[in-house]
Amino acid sequence: MSTSTERELPAVAPAVTAELVAALSPRLRKRLDAGITKLAGRPVVRDGDTVRLTVDDEGSELELHAPGGVVADTAAIRCGCLLAPDCLHRAAAASAAPVADTSANTASTEGADGTAGVGAVEATEQPAPLPGVREIPVPDESATAPQLATAHAVFDAVAAVLDAGTDGSGAVLQAELLRAAHTARLAGLPRAAAAAVSVVTGVRAARAADPAFRLTELVGAVSEALFVAHRVPHATGAELTGLRGTVRQPYTPDGSLRLYGLFSEPVLTASGYAGAVTWTADAEGRLYTVSDVAPGGTGRAVGAADRAVRIGDTALTHRELARAGLAVSGATVSPTGRLGAGAGVRAVRASGVGWRAEPLDRLWAVPVAEQVGRALDGGHDLLFLEVTAVGAVREAAGDCLLADCGGVPLRLTAAHDHPALPHRDNLRLLAAARGSRLRVVARLAAAPHARAQLLATEHPMRAGSRVDVGLDRLQHADLPAPASPPSAAPLTPLAPAAPVHVVRTPDEAPLHLLRRRIEQAASGGRRVLAFPGDSAADVHRLHRHGLGTAGDILDGLLAAAAERSRDAFGRLLPADTGRFARAWLTAARYTDEVDRVLCAAAWGG
């Protein structure tokens, strides 16, 4: 049994939270957000699959039963107060807990018996008709009637959250969106379900002032959810297949593989999953991953790298595999390169190679612009780069490492900000190693300038050694000593070892005038844009810089935010949240596409 003063509640399935909130009386719904706040400071006690916490000053206990780390049924949340089971505590606990991700991203991990992981169902499963949905005749190549109804429900729920903003999106609005997510999954729209859950997770992080919260990520989640829900009723064929998504990634036989370890990275999600993923490559440069991700928190993310990989009989840990090799027979592989761990898979340890030796050396031989183009076109987003450390750059989210990448000024940022993970500390130390020429592995971040998340790097002092930036902690002793000036010469400021290029940030481009409004709406809601002040100046500025489309989109967004109709008695009618959501989606998709083009240009594409 373990006790913690932190809120370490198990993940709760979306349908459970939605059902508990829906069962509350109108009076209790108004008190739900306050109830969640009261639970935040309560200590949590874990006993196997059971989590307990005291919910009031009388000592009443609430118990969550989470086999496998997920609360999958309302009966698994029990309260000992006098009003139970119709009390506020059960719904508050479910709303305070992480949202269990039962969609494609977590369901695609193949288990040791060859079956899918948490919450997975067969991709070919035909959903049952949803209750209360009128059957509408549709062509075979179009979305089904339940899918049409569900897409509209998801769009309306996300639009309501966007209208209210993060501050106004309390537990009741979140529960409505979780209900829509659950319905989308049942209707065979796992992509919409995953997007809706991501919106809820982002809203909760914003409301809790989570240091890891990023407004850009919430904007992306809202845009994805609205886009999928908006397009499903109009799509057919291959487009509809992509919009539906898959609940489970199929694993296909791939014979025998000889793999070479590249690096390992920790996984820690806001939805309550943690672990490690190790990246490997074969002799042709194709990438494969070995993952160990399951319900858990920070401790699992930190410790997963020292757990044995779940393939065959090998005793290699993830940390060891990142520097060694693996010989696999009877391999099964998902479309994204994830190795399965079925009963027929055999794997033994093999020798590894350095990054500057074949076959891994060829990964860094691919031109950078080609790597970026592949990532922007939907391929894997890893970049294999040769960089020279220049120094640190101060940003609102924290310092990042400025590097020169073949003449391209590059900003390398932390992949995760949790203090238990060493990403940020390692970045600060590497920034002090100015002049070091290093090979690195980074994850592309779409931005108008060259930007990527640093995942692994060569050691700045030990040739042939590597550093997994999210797992290994660098020390000052690992850095080269700065050169001392001659004793007779006056001390002068240390010059950078490589030219410092002027880096244009996104806010220096006129497009930021539109992007700022998009982010303001996601954070503060429609009302923030209803009285935008002198917005005409922003529209004119966009037109002057040749961004006429951006100016027109901004004008339409502000008009949709401000529009309010009145009834025959002059009373204001409810705002048209659907129109505002469509205008906002147009703006978000436009800026995403422009960022994509500018990103390719920044890398020399």
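Everything below is about the structure shown above.
Quick caveat: nothing in here was measured; it's all calculated off a predicted structure.

Caption draft 1: Representation of the overall build of the protein chain within the structure. Counting secondary structure elements, the protein chain contains 20 helices and 18 strands. Looking at the protein chain as a whole, 50% of its 605 residues qualify as buried. Put simply, the protein chain shows about 27,200 Å² of open surface, and 54% of that area lies on carbon and sulfur atoms.

Caption draft 2: Broad picture of helix α14 (residues 368–376). Of the residues making up α14, those classed as buried are Gln371, Val372, Ala375 and Leu376. Angular distribution of buried residues about the axis of α14 spans 130°; they occupy a single face of the element. Tucked inside the fold, the buried residues of α14 contact α13 (361–365), β13 (382–395), β16 (437–444) and α20 (577–602). Looking at the residues trailing α14, positive phi occurs at Gly378, about 105°.

Caption draft 3: Geometry of the pairing of strand β17 (residues 451–458). Among the eight residues of β17, seven are classified as buried, and the element is accordingly described as predominantly covered. When strand β15 (residues 408–414) meets β17, the two strands line up parallel, connected through four bridges. Each residue of the ladder has a partner; that of Arg411, found in β17, is Arg451. Relative to β17, β16 runs antiparallel, the two being bridged by five bridges. Bridge pairing in β17 places Arg443 opposite Gln453. Once β16 ends, the chain turns through six residues before running back antiparallel as β17. In this sheet, strand β18 (residues 466–468) lies alongside β17 in antiparallel orientation, the contact comprising three bridges. Across the sheet, Thr457 pairs through a bridge with Val467, a residue of β18.

Caption draft 4: Geometry of the packing of helix α6 (residues 145–168) against helix α7 (residues 171–186). Relative orientation of the contacting elements α6 and α7 amounts to 155°, with a least axis distance of 9 Å. By the angle class used here, α6 and α7 are roughly antiparallel. Handedness of the α6/α7 crossing: left-handed. Facing Thr150, Ala153, Val154, Ala157, Val158, Ala160, Val161, Ala164 and Gly168 of α6, the residues of α7 in contact are Leu173, Glu176, Leu177, Ala180, Thr183 and Ala184. Grouping the amino acids of the contact of α6 with α7 by side-chain chemistry returns eleven nonpolar, three polar and one charged.

Caption draft 5: Representation of the nonpolar core in the model. Residues Leu226 and Trp584 are the most contacted members of the largest nonpolar core, which totals 63 residues. Residues in contact with Trp584, not counting those within four places in the same chain, are Leu162, Val219, Val222, Ser223, Leu226, Ile518, Ala521, Ala522 and Leu557. In this structure, Leu20, Leu24, Cys87 and Ala96 belong to the second largest nonpolar core, which totals 33 residues.

Caption draft 6: Structural detail: α7. End to end, α7 covers 22 Å across 16 residues, agreeing with the expected 22 Å (1.5 Å per residue, within 8%). Buried within α7 we find Ala171, Gln174, Ala175, Leu177, Leu178, Ala180, Ala181 and Ala184. In this structure, the buried side of α7 is in contact with α1 (14–22), α3 (32–40), α4 (88–96), α6 and α8 (190–207).

Caption draft 7: Fine view of the pattern of salt bridges. Evaluation of the coordinates by the stated rule reveals 36 salt bridges. Measuring nitrogen to oxygen at the nearest pair gives 3.3 Å for the salt bridge that ties Arg362 to Glu358. On the basis of relative accessibility, which here comes to 46%, the residue Glu358 falls in the partly exposed class. Connected through salt bridges with shared partners, the residues Asp306, Arg319, Arg323, Asp468 and Asp472 form a single ionic network.

Caption draft 8: Spatial organisation of the sheet that holds strand β8 (residues 252–268). If you trace the five strands from one edge of the open sheet to the other, you get β10-β9-β8-β11-β12, paired in antiparallel fashion. Edge strands, defined here as strands with exactly one partner in the open sheet, are β10 (287–295) and β12 (346–350). Strand-to-strand twist in this sheet, taken as the mean axis angle between neighbours without regard to direction, amounts to 35°. Looking at chain direction, β8 and strand β11 (residues 325–333) are connected through seven bridges and run antiparallel. Within β11, the position partnered with Tyr260 by the bridge is Gly325.

Caption draft 9: Spatial organisation of the environment of Ala324. Tracing the backbone shows Ala324 in the loop between α12 (318–321) and β11. For Ala324, a relative accessible area of 6% gives the class buried. Sequence separation between Ala324 and Phe263 is 61 residues, and the spatial gap between their C-alpha atoms is 9.8 Å. With near-sequence residues (within four places) excluded, Ala324 lies in contact with Tyr260, Gly261, Leu316, Arg349, Ala350, Ser351 and Gly352.

Caption draft 10: Quick look at the side chain of Ser436. Counting through the fold element by element, Ser436 comes out in the loop between α15 (423–431) and β16. Side-chain polar atoms of Ser436 contact the backbone oxygen of Ala433, separated by 3.0 Å. For Ser436, the contacting residues outside a window of four places in its chain are Val387, Thr388, Ala389, Pro460 and Pro480.

Caption draft 11: Looking closely at unusual backbone geometry. Cis geometry is found at the peptide bond from Ala84 to Pro85, where omega equals 5°. By the secondary structure assignment, Pro85 is in the loop between β7 (77–79) and α4. A cis amide bond links Glu358 to the next residue, Pro359, at an omega of 10°. Tracing the sequence through the fold places Pro359 in the loop between β12 and α13. The backbone phi angle of Ala209 is positive, close to 55°, even though this residue is not glycine. With respect to the helices, strands and loops of the structure, Ala209 is situated in the loop between α8 and α9 (215–231).

Caption draft 12: Representation of the packing of helix α16 (residues 512–524) against helix α19 (residues 548–562) within the structure. Relative to each other, α16 and α19 sit at 25°, their axes nearing to 10 Å. Looking at the two axes, α16 sits roughly parallel to α19. Crossing handedness for the pair α16 and α19: left-handed. Note on element contacts: α19 touches α16 through Ala550, Ile553, Leu554, Leu557 and Leu558, opposite Leu513, Leu514 and Arg517.

Caption draft 13: Fine view of the pairing of β11. Across five bridges, the pairing between β11 and β12 is antiparallel. Following the sheet pairing, Val328 is matched in β12 by Ala347.

Criteria and cut-off values
- Residues numbered from 1 in each chain as written.
- Predicted model: local features only at pLDDT ≥ 70, side-chain atom pairs only at ≥ 80, totals over all residues.
- Heavy atoms only, no water.
- Helix = DSSP H or I, 4+ residues; strand = E, 2+ residues; numbered from the N terminus.
- Buried < 20%, exposed > 50% of the residue type's maximum accessible area, 1.4 Å probe, protein only.
- Areas by Shrake-Rupley, 256 points an atom, 1.4 Å probe, with all protein chains shown as cover.
- Arc of directions from axis to C-beta.
- Contact = heavy atoms within 4.5 Å.
- Pairing = 2+ DSSP bridges.
- Axes fitted to C-alpha atoms, helices over the stretch in contact; angles between N-to-C directions.
- Parallel < 35°, antiparallel > 145°, perpendicular 65-115°, else oblique.
- Left-handed = near helix turned anticlockwise from the far one by under 90°.
- Nonpolar A, V, L, I, M, F, W, Y, C, P; charged D, E, K, R; others polar.
- Core = buried A, V, L, I, M, F, W, Y, C linked by side-chain atoms within 4.5 Å.
- Expected span 1.5 Å × (residues − 1).
- Salt bridge = Lys/Arg side-chain N within 4 Å of Asp/Glu carboxyl O.
- Polar contact = N/O pair within 3.5 Å; in protein donor to acceptor, adjacent residues only side chain to side chain.

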